[in-house]
Amino acid sequence: MRDRFTSDLGVYALSGLFSLVVFGVALAVLSRALPGGLGSRQLVGLVVGYLLFLGVYTVAWFMYREIDSREEM
């Protein structure tokens, strides 16, 4: 089990989970800190931007796995 968390892919997975937690906390803080709260347009923009980030992150993760599997041959 420890090998999963200390491998490169495990570190990527944990950092992706950490970014999700930070994003959720940031949304909560923004919704309380802004005078009118987060509007739906602002919320959609933030969520779409974060989903684009996750998409690129996931593609990079799969590319790294493919490169790593080819190096083992």
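Rules behind the numbers
Residues numbered from 1 in each chain as written. Predicted model: local features only at pLDDT ≥ 70, side-chain atom pairs only at ≥ 80, totals over all residues. Heavy atoms only, no water. Helix = DSSP H or I, 4+ residues; strand = E, 2+ residues; numbered from the N terminus. Buried < 20%, exposed > 50% of the residue type's maximum accessible area, 1.4 Å probe, protein only. Areas by Shrake-Rupley, 256 points an atom, 1.4 Å probe, with all protein chains shown as cover. pLDDT = per-residue confidence, 0-100. Polar contact = N/O pair within 3.5 Å; in protein donor to acceptor, adjacent residues only side chain to side chain. Contact = heavy atoms within 4.5 Å. Phe/Tyr/Trp six-rings, centres within 6.5 Å; stacked < 30°, edge-to-face > 60°.

**Side note on the overall build of the protein**
And then number 1: The helix and strand tally for the protein stands at 3 helices and 0 strands.
And then number 2: Starting at the N terminus and walking to the C terminus, you meet the elements of the protein as α-α-α.
And then number 3: Considering the protein as a whole, with its 73 residues, one finds that 10% of them fall into the buried category.
And then number 4: Carbon and sulfur atoms form 69% of the exposed surface of the protein, whose accessible area is close to 6,100 Å².

**A few points about the confidence of the model for the protein**
And then number 1: Scored by pLDDT, the protein has a mean of 83; 89% of the residues are at 70 or more.
And then number 2: Confidence, expressed as mean pLDDT per element, reaches its minimum in the protein at helix H1 (residues 2-6) with 62 and its maximum at helix H2 (residues 8-33) with 87.

**Quick look at the environment of Ser15**
And then number 1: Here Ser15 shows up in helix H2.
And then number 2: A polar contact of 2.5 Å, which involves the side chain of Ser15, links it to the side chain of Tyr57.

**Quick notes on the side chain of Ser19**
And then number 1: Note that Ser19 resides in helix H2.
And then number 2: At 2.8 Å, the side chain of Ser19 forms a polar contact with the backbone oxygen of Gly16.
And then number 3: Discounting chain neighbours no more than four positions away, the residues touching Ser19 are Tyr50 and Phe53.

**A look at the packing of aromatic side chains**
And then number 1: For the structure shown, the criterion picks out 4 aromatic pairs.
And then number 2: Taking 6.5 Å as the distance between ring centres and 80° as the angle between the ring planes, the aromatic pair formed by Tyr12 and Tyr57 counts as edge-to-face. With a gap of 45 residues between them, Tyr12 in helix H2 and Tyr57 in helix H3 (residues 40-71) connect regions that are remote in the sequence.
And then number 3: On the accessibility criterion, Tyr12 (32% relative accessible area) is partly exposed.
And then number 4: Ring centres of Tyr50 and Phe53 lie 5.9 Å apart, and the angle between their planes is 40°; this geometry places the pair in the tilted category. Separated by 3 residues within a single helix, Tyr50 and Phe53 lie in helix H3, roughly one turn from each other.
And then number 5: Its relative accessible area of 11% is what places Tyr50 among the buried residues.
And then number 6: Grouping aromatic residues by their ring pairs yields a cluster made of Tyr12, Phe23, Tyr50, Phe53 and Tyr57.

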